[in-house]
Amino acid sequence: MKLITASQAVGFIKNGDHIVSALGAAEGQCFLGELHTAAGRLKDITVTSCLSLRGYPYLDAAYRDTFQTDSIFLSPPTRAAYPNGNVSYLPGHLHACGVNRLVHRKPNIYIGAATMPDKHGFVSLSVSNTYEKRMIRQADIVILEINPNFPRTFGDLELHINEADYFIEADYPVPTLPEAPVTDRDELIGRHIAEYINDGDCLQLGIGGIPNAVANALADKKDLGIHTEMLSSGLVKLVKSGVVTNARKTKFPGKTIAAFALGTREVYDYINDNPSVLFFDANYVNDPAVIAQNDNQISINTTLEIDLTGQCCSESIGPRQYSGTGGQTDTAVGAQKAKGGKSFIALYSTAEIKSPEKNADGTFARTRVSKIVPMLKQGAIVSLSRNDVDYAVTEYGVAHLRGTSVRERAERLIAIAHPDYRDELTAAAQAFI
């Protein structure tokens, strides 16, 4: 096993290289934190990342002539760097993100976190197998940051030390995400969705106030299962409370299936050395055909805005990229293909937006707007096509859109809009629907 420092690892980079970083909490923090030091000798370096959790120096505008970051899913650090011109978004469904990137370009260097080797010489890629193992198999140089703080997990993310070229000894904690607080509106939405979920159903659930509220509202359910792209704090709480047993799953009964984990320390403690949790490549986990093999699969996602025909913008504010498509379409389509499956897209009926003009006291005025709109904002990205929407949910109720006409959709969506905007939306609908 060849141990090197992060500085030595950065020394391997050549002009024009393509570096692939692991997703989220699995990114190689030592290497990425040192990357900017190579700027003086390098040019035309591309870093492919996803859900990066730290604002590394190489993202600064000062280094944009050296480093270009292509992000599969924007996070606060990459979102902040986006206006600098050195971050670009990689469109695509999560199940295809690794496959499609390799069609375009193979990695010269892979960097990611891993567990310490076991007595047999194997490490675990720990908290993500979204595309990591696939990239490792194609990379010219594989560098792993082995860390005793990372949980050992199972599935298809074990790797023998002979399959990596170099190792960096690291000791940073696994990055966590605090639990999003649950608001009154979240609770209403959570209860609406919970009414449609039956004992024995199989869940896909993300992170945030609405997903947390859904998890809270499922406390009286029995024998739920999990097949999800992201294993979050809300899902782990359901397992530990006994609500999730995976006993009735038709695919991998008794097992929780995911592509990556991200959340509180409780999540990482739960998955550590836990053979009931399996992590597979997102190309498998998020394949709609695989998802559909789970009877009664439930997909629960959120969106930023929905128009009266059902188009969902979940990743941009107008033309400005905010996050990413992720697995929203993967899971929505897969759930609807499943026997007894349902797909939910949730959003608040309104939002407060900042006015461009300041008040007399220097603060910005805020204006309330409807998030159910006649038409999406100019340049808005459609993350979930109207062809793939099943149930839309706000704090005012549930609109079942599958199989409905455009006119019926408009009527049902207006019925769950904020009451202050229903007349306005009705008038708009009459003009063009």
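Residues numbered from 1 in each chain as written. Predicted model: local features only at pLDDT ≥ 70, side-chain atom pairs only at ≥ 80, totals over all residues. Heavy atoms only, no water.

Digging into the nonpolar core
Then, in step 1: Tyr110, Leu144, Ile193, Leu231 and Ile271 are the most contacted members of the largest nonpolar core, which totals 75 residues.
Then, in step 2: Leaving out residues up to four positions away in the same chain, Tyr110 has contacts with Val20, Ala22, Glu132, Met135, Ile136, Ala139, Ile141, Val142, Ile143 and Leu144.
Then, in step 3: In this structure, Val10, Ala38, Ala39 and Ile109 belong to the second largest nonpolar core, which totals 27 residues. (Core = buried A, V, L, I, M, F, W, Y, C linked by side-chain atoms within 4.5 Å. Buried < 20%, exposed > 50% of the residue type's maximum accessible area, 1.4 Å probe, protein only. Contact = heavy atoms within 4.5 Å.)

Considerations on the side chain of Thr256
Then, in step 1: Structurally, Thr256 can be placed in strand E14 (residues 256–258).
Then, in step 2: For Thr256, a relative accessible area of 2% translates into the label buried.
Then, in step 3: Residues contacting Thr256, with those up to four places away along its chain left out, are Ile226, Leu231, Asn246, Ser276, Val277 and Leu278. (Helix = DSSP H or I, 4+ residues; strand = E, 2+ residues; numbered from the N terminus.)

Some remarks on the sheet that holds strand E5 (residues 109–114)
Then, in step 1: Overall, parallel pairing links the 7 strands, which are arranged E4-E3-E2-E1-E5-E7-E10 in an open sheet. Unpaired on one side and paired on the other, strand E4 (87–89) and strand E10 (166–169) mark the two borders of the sheet. Strand-to-strand twist of the sheet, defined as the mean angle between neighbouring strand axes without regard to direction, takes the value 20°.
Then, in step 2: Here 3 bridges tie strand E3 (residues 67–71) to E4, and the two strands are oriented parallel to one another. Residue pairing for E4: Asp70 is matched across the bridge by Ser88. (Pairing = 2+ DSSP bridges. Axes fitted to C-alpha atoms, helices over the stretch in contact; angles between N-to-C directions.)

Considering the sheet that holds strand E17 (residues 297–302)
Then, in step 1: The mixed open sheet is built from 6 strands, whose spatial order is E12-E11-E17-E22-E26-E27. At either end of the open sheet lies a strand with only one pairing partner, and these are strand E12 (225–226) and strand E27 (397–400).
Then, in step 2: As paired elements, E17 and strand E22 (residues 342–346) share 5 bridges and run parallel to each other. Looking at the pairing, Ile298 lines up with Lys342 of E22.
Then, in step 3: Strands E17, E22, strand E26 (391–394) and E27 of the sheet are contacted by helix H6 (residues 184–194), whose axis makes an angle of about 150° with E26.
Then, in step 4: Its contacts with the sheet place helix H12 (residues 328–337) against strand E11 (202–205), E17 and E22, and it is angled at close to 150° to E17.

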